[in-house]
Amino acid sequence: MEKDPLPSVFFHFRFKFLAVTSIAFLLFVILSSASDFSRFADSVQFKLLGPFFIISGLMFLVFRKFPIKCPYCARVLPVKKDWTCPNCKKKQGKDRYLSEKCVHCREIPATGSCDLCQKTFRL
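What you see is a predicted model, and the numbers here were worked out from it, not measured in a lab.

Q: Mind showing me how you'd approach the environment of Thr21 here?
A: With respect to the helices, strands and loops of the structure, Thr21 is situated in helix H1 (residues 11-32). With 37 residues separating them in the primary sequence, Thr21 and Leu58 have C-alpha atoms 14 Å apart.

As structure tokens, this is what we get:
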């Protein structure tokens, strides 16, 4: 008997989207540039690398702090809390972001649970 898939809040999608966008931009810069470095250093693409990485870093910091909503009860949940790892079932011992690895098993959590309705959902 098949179970219905868990609803997702697309928390990890934020980081995957940022990573794919960064890789695509770097490939564009590398593939569209001149073959020797001196011409590449004078190109517009090279001058955009610095601001792009600054914006990407800031977006990473913002994405990990942006709250998520429970797909069942629509309650806004914090992304920094003392969460229980769904893999090893141990608490973290201090407030940590859901995008960080577990301190015990070093795995990034794939699921989370709501504090109010106690239901599990995909991150």
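And the narrative resumes.
Q: What should I look at first to understand the pattern of salt bridges in this one?
A: Close approach of charged atoms lets side chains of opposite charge pair. Scanning all chains against the criterion turns up two salt bridges. Two residues, Asp115 and Lys81, come together in a salt bridge whose shortest N-O distance is 3.3 Å. Taken together, the residues Asp115 in the loop between strand E5 (111-113) and strand E6 (120-122) and Lys81 in strand E3 (residues 80-81) connect sequence positions 34 residues apart. Judged by relative accessible area, which is 38%, Asp115 ranks as partly exposed. Judged by relative accessible area, which is 15%, Lys81 ranks as buried.

Q: Any chance you could explain the side chain of Gln92 here in plain terms?
A: Tracing the chain through its elements places Gln92 in the loop between E3 and strand E4 (96-97). On the basis of relative accessible area, Gln92 is assigned to the buried category, the value being 7%.

Q: Just to check I follow, could you spell out the nonpolar core for this structure?
A: One recurring pattern in soluble globular proteins: nonpolar side chains tend to sit buried together. Membership of the largest hydrophobic core comes to 15 residues, with the highest contact counts inside it found for Val9, Phe11, Ile68, Leu77, Leu98, Phe121 and Leu123. Filtering out sequence-adjacent residues up to four positions away, Leu77 remains in contact with Pro67, Ile68, Cys70, Cys114, Asp115 and Phe121. Ranked by size, the runner-up nonpolar core spans five residues in total, among them Val29, Phe40, Leu49 and Phe52.

Rules used in this analysis
Residues numbered from 1 in each chain as written. Predicted model: local features only at pLDDT ≥ 70, side-chain atom pairs only at ≥ 80, totals over all residues. Heavy atoms only, no water. Helix = DSSP H or I, 4+ residues; strand = E, 2+ residues; numbered from the N terminus. Salt bridge = Lys/Arg side-chain N within 4 Å of Asp/Glu carboxyl O. Buried < 20%, exposed > 50% of the residue type's maximum accessible area, 1.4 Å probe, protein only. Core = buried A, V, L, I, M, F, W, Y, C linked by side-chain atoms within 4.5 Å. Contact = heavy atoms within 4.5 Å.

All quantities given are derived from atomic positions and should not be read as evidence of function.
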